[in-house]
Amino acid sequence: MQVPDDLKYSKEHEWVRTKADGAVTVGITDYAQDAMGDIVFVELPRIGDSFAAGEPFCTLESVKAVSECYMPAGGKITAVNESLLDSPELVNQDPYGAGWLVEVELDDAAEPAALMIAAEYAQYLASLTE
Amino acid sequence: MESDKSALKQTPLYGIHLNHGARMVPFAGWIMPVQYSGILEEHKAVRTAAGLFDVSHMGEIWIEGTGALEVVQRLITNDAAGLSENQAMYSPMCYPDGGVVDDLLVYKTAPDRYLLVVNAGNLDKDLVWITERAGPAARITDRSEETAQIALQGPASLEILRHLTIAPLEQLKYYWFLEGKVNGVDCLISRTGYTGEDGFEIYAAPEKAAELWESLLEAGRNAGLKPAGLGARDTLRFEAGLLLYGNELSPEITPLEAGLKSFVKLEKHHFIGREALLKQQEQGPAKKLVGFEMLERGIPRSGYPLKDQSGEKIGWVSSGTFAPTLEKNLGLGFVSSGHAAPGTLIFVEIRGKLVQAQVIPRPFYRKHPCR
């Protein structure tokens, strides 16, 4: 299971990448996409929508099940990955890259600091599969 | 969650599933493989080559004795009187009010011997239902624990099974079966399935199931055979218009409402549920099972409400998914009869929003060429 070093992670298996301009990109982890199985439908939020940390902001559907994604940190949606509308499988194929979900302008730029770093998330995953 | 799993029953192939890297889930009291490599890949393998399914969780109830046929006839809505030895048929089994106890396969193995293959989740209930309605002239035996079942499904099935048996498979017609050896293992080989493809359901002793499974996988390697799980089994049956008990059939749904009229032989003089079904047939069912295609973005899921243009509830979704072969978001559902005609616009309520769909003919998928 891939857990890139340069990202922050939530217990709900979302990752956060902080970009140079302070905006963050959010997606789901390799573990999450694997657990969901083949993703066949993505419902994205609208640009401009605001969500508090922990609020559902995006719906992913696999062949069998519907899963919500939860905001790892509060903020406003500034961009969505529209390529997922036609190619939801990108979330499975490249969860940390082409399968990103949204870009967020954070309410509090310091909030991601409270999330897990890669080593902590890897440990968390290990505890789940014990 | 983990502690619950220990109470679940394991099929004789449990160890093999773990070795093949299957993802295991609870299903009807069993721990079963939901997928191996992925539902889409397994689904495609069955449509284009073949897939191998462990369906050992299914129940096997035998009805034997001089009164066997009479009991079968009383229990099922279809007519088993014309069934030949080595022939099988599909049938609902109903309550007096026409609701469905279970849907099952009836195999006639000898003049006074019938095998009923029932849904795993209904086995206990079926056994009580059947036993209470069998007279002294019929013996009811549950042999589910002594029976493993493997389904080999897909266009390459015949060619694969051919490597392992000298049985006359080519002459075996759809819904007929024979007893023969597969790689030296005594089996009941039935040309039936739940995928909409050609294929076989193979019954054997549990202690032989693992070697049977491995020999089939090996024989199918070059043909593209893949082990497949319950996930693909569900998407395959869904596309093929085959019903799932608990979704399209239940004690609250009659076979006529579910579109199974051809399996309800009202002219048969007596069976449980006949009077209620006869009356429903005369009046016309108030609700009907329909297939529908999403016209707007969204996947219908079991339990979502179905509505009309004005937002009035007209029914519910019984099954729905992305249909892998057709690459469309499709659903099955019950609607009040006025909305059942193909072409009718309906709406699925998905997470609070009304999403447009259209009633289309069933089944969604038919294999080519037609047999």
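Here we come to the sheet that holds strand β7 (residues 100–110) of chain B. Residues and elements named next belong to chain B. One open sheet accounts for five strands, arranged β6-β7-β8-β5-β9; its pairing is antiparallel. Of all the strands in the sheet, just β6 (87–94) and β9 (139–142) have a single pairing partner and so form its edges. The mean angle between the axes of side-by-side strands here comes to 25 degrees, regardless of whether they run parallel or antiparallel. Set on the sheet, helix α4 (residues 68–75) makes contact with β5 (59–64), β6, β7 and β8 (113–118); between it and β5 the angle comes to about 130 degrees.

Mapped onto the fold, A:Lys19 is located in the loop between β2 (14–18) and β3 (24–28). Not counting residues up to four positions away in its chain, the partners in contact with A:Lys19 are A:Thr25 and A:Glu103.

A separate point is the nonpolar core. Ranked by internal contacts, the top residues of the largest apolar core, which has 45 residues, are B:Phe53, B:Tyr107, B:Val117, B:Leu249, B:Ala258 and B:Leu277. Secondary structure elements with two or more residues in this core: β4 (39–43) of chain A together with α3 (39–48), β6, β7, β8, α8 (230–239), β17 (313–323) and β18 (328–336) of chain B. The residues contacting B:Phe53, other than those within four sequence positions of it, are B:Val46, B:Gln149, B:Ile150, B:Ala151, B:Gln153, B:Thr195, B:Trp213, B:Ala228, B:Gly229, B:Ala232, B:Arg233 and B:Leu236. Counting residues in each nonpolar core, the second largest holds 35 residues, with B:Leu8, B:Leu172, B:Leu178 and B:Ile189 among its members.

Right, let's get into the interface of chain B and chain A. Contact residues are listed per partner, giving 19 residues for chain B and 17 residues for chain A. When chain B packs against chain A, close to 1,400 Å² is buried across both sides, 47% of that on carbon and sulfur atoms. Where chain B touches chain A, the interface holds five salt bridges. Where A:Glu61 meets B:Arg351, a salt bridge forms, and the shortest distance between an N and an O atom there is 3.1 Å. For the side of chain B that touches chain A, the secondary structure elements donating two or more residues are β3 (30–35), α3, α8 and β17 of chain B. Take the side of chain B that touches chain A: its biggest share by element is three residues, from α3(B). Per-class residue counts for the side of chain B that touches chain A are six nonpolar, seven polar and six charged.

Residues and elements named next belong to chain B. Taken together, the four bridges between strand β15 (residues 287–294) and strand β20 (residues 353–360) define a ladder with antiparallel strand orientation. What sits directly across from Gly-291, in β20, is Ile-360. Judged from the six bridges that link them, strand β19 (residues 345–350) and β20 form a sheet pairing that is antiparallel. Across the sheet, residue Ile-346 finds its bridge partner in β20, namely Ala-357. Where β19 folds back onto β20 in an antiparallel hairpin, the turn is made up of two residues, including Arg-351, whose phi is positive at roughly 50 degrees.

About the cut-offs
- Residues numbered from 1 in each chain as written.
- Chains lettered and ligands numbered in written order.
- Predicted model: local features only at pLDDT ≥ 70, side-chain atom pairs only at ≥ 80, totals over all residues.
- Heavy atoms only, no water.
- Pairing = 2+ DSSP bridges.
- Helix = DSSP H or I, 4+ residues; strand = E, 2+ residues; numbered from the N terminus.
- Axes fitted to C-alpha atoms, helices over the stretch in contact; angles between N-to-C directions.
- Contact = heavy atoms within 4.5 Å.
- Core = buried A, V, L, I, M, F, W, Y, C linked by side-chain atoms within 4.5 Å.
- Buried < 20%, exposed > 50% of the residue type's maximum accessible area, 1.4 Å probe, protein only.
- Buried area = accessible area lost by both parts, 1.4 Å probe.
- Salt bridge = Lys/Arg side-chain N within 4 Å of Asp/Glu carboxyl O.
- Nonpolar A, V, L, I, M, F, W, Y, C, P; charged D, E, K, R; others polar.

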